[in-house]
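Letter by letter, the chains look like this.
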Amino acid sequence: MSAKLLKGTEIREALLAEIKQEVEAIKAAHGVVPGLVTILVGSNPASLSYVSLKIKTAHSLGFHEIQDSQPADISEAALLALLEKYKRDDTIHGILVQLPLPPHINEKKVLDAIDPDKDVDGFHPVNVGRLLIGGKEVKFPPCTPAGIQEMIRRSGVETSGAEVVVVGRSNIVGKPIANMLMQKGPGANATVTVVHTGTKNLAAHCQRADILIVAAGVPGLVKPEWIKPGACVIDVGVNRVGEKTDEKTGRQVAILRGDVDFDAAAKIAGFITPVPGGVGPMTITMLMRNTLNSLKFRLGI
Ligand code: NAP
C-alpha cells in the first residue's frame, strides 16, 4: 500500500481534546457550558445506540446533556411544543430530533420547527441557505461534510485550485460537501464536479480528481483505474455486505465495506480513508463542535 491512511478515529481524538479544552476555558470565563438535547421518540434499537453514543461523547466533553425520551405515540402537537420549550431554554444550544419518527408524525414539519439557531445538525432550510451563501453566514455546516472537510484540511492536501469530484448528490453528504468546497476561502476554493446516476462517463470524471469524495452507498463502485495517482480519496460509503463473528465478544457483527475498492485503490491514491474508521467517527465529533460553536455565537465570542 502506498497511500497514507486518513483515520477518523485519530483525528476525532485530537478534535475532541481541542473541544474539551475550549469548553473548560469558556466555563471558567463565562460560567456556562454547551447544552445539547436529543429528542428520541420510541425505541428504535439503531436510534438508541446512536443516541447513547452522542450522549456519552457530550458527557465526556463536559456538556450539559439532556436525553429527552418520548413515547412512540406522542402527538405531533406535543412534539412541536417540546421543540418550542427547548427553543426558549437558554441552557440549551443544540437541539436534535433523532430520525426516523413514527409514521403519524410529519418529519419535515418537525425538522422545520427546530430553531435554526440551535439546529446543530445543519439541515434546517435556513442553515442550508446559510451554507450556500457561505463565509460568515454559515453557522452549522452539516456534520458528515464538515468532518470530510476537516479530514482533508488535516491531511495537508491543498484544496485551493484542486479538481474535486463528488460522487453522489444527497442532501446530507453530496450537495453540502460540494457546496462547501467550492466556496471562496480556506479549506475550499476548489473546482467541484458532482456526479450521479445521470452522469454519462463516471470513470472519466473520477480520473480527473485530485480529491475524490464518494458518497453513493454502492460497495466497490469506484474502481482503482478511476483514481488519479496520488489523489486524496474520501470514501463516505458504509455498506453492510455480510456478517462475521467478533473475535473478542463472540457476537455476530456486520462486515462493512466502502464505495471504493480499498485494497487496490490504496496502491494508487496518495491519501485514503478506511471503512470503517475513516469518515464515520467524524460525524458525532463535528456535532459536538457545532454545539460548542452555537454557545460561542450566543456569547458573541
Ligand atoms: P443517498 O441519499 O442514497 O444518495 C446516494 C447518491 O449517490 C445519489 O445522489 C445517487 O445518485 C448516487 N449514486 C448511487 N449509485 C450511483 C452510481 N452507480 N453511480 C453514480 N452515482 C450513484 O446516500 P447518502 O445518504 O448520501 O449516503 C451515501 C453513503 O454514505 C451510504 O453508504 C451511507 O451509509 C454513507 N454515509 C456515511 C456517513 C458517515 O460515515 N458518517 C454519513 C452519511 C452517509 P442519484 O441522485 O442520481 O440517485
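Preceding this paragraph is the structure being described.
Residues numbered from 1 in each chain as written. Predicted model: local features only at pLDDT ≥ 70, side-chain atom pairs only at ≥ 80, totals over all residues. Heavy atoms only, no water.

Draft legend 1. Summary view of the site of the ligand. Not every one of the 20 residues close to the ligand is listed here, only the nearest: Arg 169, Ser 170, Thr 197, Val 238 and Thr 283. Arg 169 places a side-chain nitrogen or oxygen 2.8 Å from an oxygen atom of the ligand. One nitrogen or oxygen atom from the main chain of Val 236 is found 3.4 Å from an oxygen atom belonging to the ligand. Its residues assigned to classes, the shell around the ligand shows nine nonpolar, 10 polar and one charged. (Near = heavy atom within 4 Å. Polar contact = N/O pair within 3.5 Å; in protein donor to acceptor, adjacent residues only side chain to side chain. Nonpolar A, V, L, I, M, F, W, Y, C, P; charged D, E, K, R; others polar.)

Draft legend 2. Up close: the packing of helix H1 (residues 8-30) against helix H10 (residues 282-299). As a packed pair, H1 and H10 sit with axes 10 Å apart at the nearest point and diverge in direction by 20 degrees. By the angle between their axes, H1 is roughly parallel relative to H10. With respect to the hand of their crossing, H1 and H10 are arranged in left-handed fashion. Contacts from Gly 8, Ile 11, Arg 12, Leu 15, Leu 16, Ile 19, Glu 22, Val 23, Ile 26 and His 30 of H1 reach H10 at Met 282, Thr 285, Met 286, Met 288, Arg 289, Leu 292, Leu 295, Lys 296 and Leu 299. (Axes fitted to C-alpha atoms, helices over the stretch in contact; angles between N-to-C directions. Helix = DSSP H or I, 4+ residues; strand = E, 2+ residues; numbered from the N terminus. Parallel < 35°, antiparallel > 145°, perpendicular 65-115°, else oblique. Left-handed = near helix turned anticlockwise from the far one by under 90°. Contact = heavy atoms within 4.5 Å.)

Draft legend 3. The arrangement of the sheet that holds strand S2 (residues 35-41) in detail. Across the sheet, which stays open at both edges, the three strands sit in the order S3-S2-S4 with parallel pairing between neighbours. Here the strands that pair on one side only, and so sit at the sheet edges, are strand S3 (64-70) and strand S4 (94-97). Going across the sheet, the axis of each strand differs from the next one's by a mean of 15 degrees, ignoring polarity. Pairing analysis gives four bridges linking S2 to S4, with the strands arranged parallel. When the bridges of S4 are listed, Thr 38 appears paired with Leu 96. (Pairing = 2+ DSSP bridges.)

Draft legend 4. Main features of the layout of surface pockets. The computed volume of the second largest pocket comes to approximately 630 Å³. Looking at the second largest pocket, it is lined by 21 residues, and the ones nearest its centre are Val 138, Pro 141, Gln 149, Met 180 and Pro 186. Every element with two or more residues in the lining of the second largest pocket is listed here: helix H6 (143-155) and H10. Grouping the constituent residues of the lining of the second largest pocket by class yields eight nonpolar, eight polar and five charged. (1 Å grid on protein atoms, 1.4 Å probe; cavity = no way out; pocket = protein on both sides within 12 Å on 5 of 7 lines; lining within 4 Å. Points joined across faces, edges and corners; volume = space filled by probe spheres on them.)

Draft legend 5. Spotlight on the packing of H6 against helix H7 (residues 174-182). Interhelical geometry of H6 versus H7 gives an angle of 45 degrees and a closest axis separation of 9 Å. Relative to H7, the element H6 is oriented oblique. Crossing handedness for the pair H6 and H7: right-handed. Along the contact surface, H6 presents Pro 145, Ala 146, Ile 148, Gln 149 and Ile 152, while H7 presents Pro 176, Ile 177, Met 180 and Leu 181.

Draft legend 6. Here's a closer look at the environment of Asp 90. For Asp 90, the location among the structural elements is in the loop between helix H3 (76-88) and S4. In this structure Asp 90 comes out as exposed when scored by relative accessible area, which is 59%. With 116 residues separating them along the chain, Asp 90 and Cys 206 place their C-alpha atoms 47 Å apart. (Buried < 20%, exposed > 50% of the residue type's maximum accessible area, 1.4 Å probe, protein only.)

Draft legend 7. Representation of the nonpolar core in the model. Of all hydrophobic cores here, the largest spans 46 residues; its most connected members are Ile 148, Ile 213, Ile 234 and Met 288. Elements with a contribution of two residues or more to this core: H1, H6, strand S5 (163-167), H7, strand S7 (211-214), strand S8 (232-235) and H10. Of the residues forming this core, the biggest block, seven residues, is contributed by H10. Look past the residues within four positions of Ile 234 in its chain and what remains in contact with it is Leu 6, Ile 148, Ile 152, Leu 212, Ile 213, Val 214, Thr 273 and Val 279. (Core = buried A, V, L, I, M, F, W, Y, C linked by side-chain atoms within 4.5 Å.)

Draft legend 8. Spatial organisation of the pattern of salt bridges. In this structure the tally under the stated criterion is 15 salt bridges. As a salt-bridge pair, Glu 18 and Arg 154 come within 3.1 Å of each other at their nearest N and O atoms. Of the two residues, Glu 18 is situated in helix H1 and Arg 154 in helix H6; the sequence distance between them amounts to 136 residues. Under the relative-accessibility criterion, Arg 154 is labelled partly exposed at 31%. One salt bridge in this structure joins Lys 109 and Glu 76, with 3.0 Å as the shortest N-O distance. (Salt bridge = Lys/Arg side-chain N within 4 Å of Asp/Glu carboxyl O.)

These results come straight from atomic positions and should not be treated as a statement about function.
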